[in-house]
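# Architecture at a glance
Take a look at the letters that make up each chain.
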Amino acid sequence: MKTLVENTAENHTPHIIVVGGTSGLGLALALHHQMLGWQVSVIGSNEAKIENVKRQHPTIKSYACDLTNVIQTQSLLDELSATSFQRLVYSAGSYTNERVHHLNQADSDKMLAINLQAFEQVFRWASAQLKQQHQSLDFTKDCRPSLICIASIAGTMDYPYASLYAKSKRAMISAASAYRAALAPYDIQVNCIASGYIDTQALRDLNDGDASHKPFIMNTQTAVDQIMQAIDDDVELAIFPRSMRYITRTLNYLPKPLLNWILRSKLDKPS
Ligand SMILES: NC(=O)c1ccc[n+]([C@@H]2O[C@H](COP(=O)([O-])OP(=O)(O)OC[C@H]3O[C@@H](n4cnc5c(N)ncnc54)[C@H](OP(=O)(O)O)[C@@H]3O)[C@@H](O)[C@H]2O)c1
């Protein structure tokens, strides 16, 4: 009997795993790949969202897993080790409106676990899997293996007053850069996405149902197009929209105490 790895290798349908692919940007990326003819698997923790994916997109494989639980995550990764894949996107994320000093313990634990610790657990597993596939099977002819993570433009600014969200996304950006260097000899591509505001339901929920006041907010399709372009062009760190990229680049040139003061007075406004 053939293993799943052999089956996928034979039929040459590329397979993408989207961690955090049951809603928002991750789901949009999953659907885009499905439209391109990829076999798609998504992971999320919310049962209602998983049921929704199953009902609306029956050909997408969905897995329930709480990424804040290391053991549960590892057992899912062990299960997925029998399946080959050519691309993994880590889009799972946790964000709130609160500044770092308002974070309660539960939000703080969740944010660190999802944005940083589970990301590292998943990337560690995924890079080992792709390296193993690199040695045993020649997938690169059809599709270069790739690891993609969704950070945030918030992580591109370096200042002491940054929130836990910004600091964990900054760590993700650094880790992705290290993985990119480490996996280059295996011809495995690693891209990190640092986008500005995207008009997803999660962002709208945090803003009483309407996030249109957020600066330079883009729709999800625009974000998907930008991400696909960044993957095609193999951009190490894709920062968009362009307007936000220029602003953050300029801010990063300022002396740190001044940047700290500006962001502190801006971010601490009640709205
Ligand atoms: N929207 C923006 O403005 C924006 C801007 C820059 C960067 N980003 C980043 O983009 C990514 C997606 O954001 P989004 O707006 O699309 O939010 P979203 O719809 O809430 O997507 C987050 C995904 O992560 C999954 N997830 C969250 N906690 C999980 C857990 N404990 N275990 C397993 N899966 C979990 C969610 O599934 P379940 O709910 O089923 O668990 C969902 O599939 C995030 O990393 C975010 O930081 C967003």
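Let us look at the structure shown here. Please read all numbers here as calculations on a predicted model, not as lab measurements. (Residues numbered from 1 in each chain as written. Predicted model: local features only at pLDDT ≥ 70, side-chain atom pairs only at ≥ 80, totals over all residues.)

## Re the sheet that holds strand 1 (residues 15-19)
Strand order in the open sheet formed by 7 strands is 3-2-1-4-5-6-7, with parallel pairing between adjacent strands. Each edge of the open sheet is held by one strand with a lone partner, namely strand 3 (61-64) and strand 7 (237-240). The average angle at which neighbouring strand axes cross in this sheet is 15°, direction not considered. Sheet topology places strand 2 (residues 39-44) next to strand 3; 4 bridges connect them, and they run parallel. If you follow serine 41 over to strand 3, its bridge partner there is lysine 61. Of the strands in this sheet, strand 5 (146-150), strand 6 (189-195) and strand 7 touch helix 6 (residues 164-183), which is tilted by about 160° from strand 6. (Pairing = 2+ DSSP bridges. Helix = DSSP H or I, 4+ residues; strand = E, 2+ residues; numbered from the N terminus. Axes fitted to C-alpha atoms, helices over the stretch in contact; angles between N-to-C directions. Contact = placed C-beta atoms within 7 Å.)

## Concerning the nonpolar core
By size, the foremost hydrophobic cluster in this structure holds 61 residues, and its most contacted members are Val19, Tyr90, Cys149 and Ile193. The dominant element in this core, judged by the number of residues it contributes, is helix 5 (residues 105-136), at 9 residues. With residues up to four places along the chain from it excluded, the contact list for isoleucine 193 reads Ile148, Cys149, Ile150, Ala151, Ile227, Ala230 and Ala238. (Core = buried A, V, L, I, M, F, W, Y, C linked by C-beta atoms within 7 Å. Buried ≥ 20, exposed ≤ 12 C-beta atoms within 10 Å, placed from the backbone.)

## As for helix 6
If you check helix 6, its first and last C-alpha atoms are 28 Å apart, about what 20 residues at 1.5 Å a residue would give, namely 28 Å. Listed in full, the buried residues belonging to helix 6 are Leu164, Tyr165, Ala166, Ser168, Lys169, Arg170, Met172, Ala176, Tyr179 and Leu183. Of the surrounding elements, those touching the buried residues of helix 6 are helix 5, strand 5 and strand 6. (Expected span 1.5 Å × (residues − 1).)

## Re the packing of helix 5 against helix 6
Contact geometry of helix 5 with helix 6 gives a least axis separation of 10 Å together with a crossing angle of 10°. Considered as vectors, helix 5 and helix 6 are oriented roughly parallel to each other. Each of Ser108, Met111, Leu112, Asn115, Leu116, Phe119, Glu120, Phe123 and Ser127 in helix 5 lies in contact with helix 6, whose residues at this interface are Leu164, Tyr165, Ser168, Lys169, Ala171, Met172, Ala175, Tyr179 and Leu183. Grouping the amino acids of the contact of helix 5 with helix 6 by side-chain chemistry returns 12 nonpolar, 4 polar and 2 charged. (Parallel < 35°, antiparallel > 145°, perpendicular 65-115°, else oblique. Nonpolar A, V, L, I, M, F, W, Y, C, P; charged D, E, K, R; others polar.)

## What about the site of the ligand?
Taken together, 29 residues are adjacent to the ligand, and Gly20, Gly24, Gly44, Asn46 and Gly93 come closest. Those elements giving two or more residues to the shell around the ligand turn out to be helix 2 (24-35) and helix 7 (201-206). Partitioned by chemical class, the residues of the shell around the ligand number 11 nonpolar, 16 polar and 2 charged. (Near = placed C-beta within 6 Å.)

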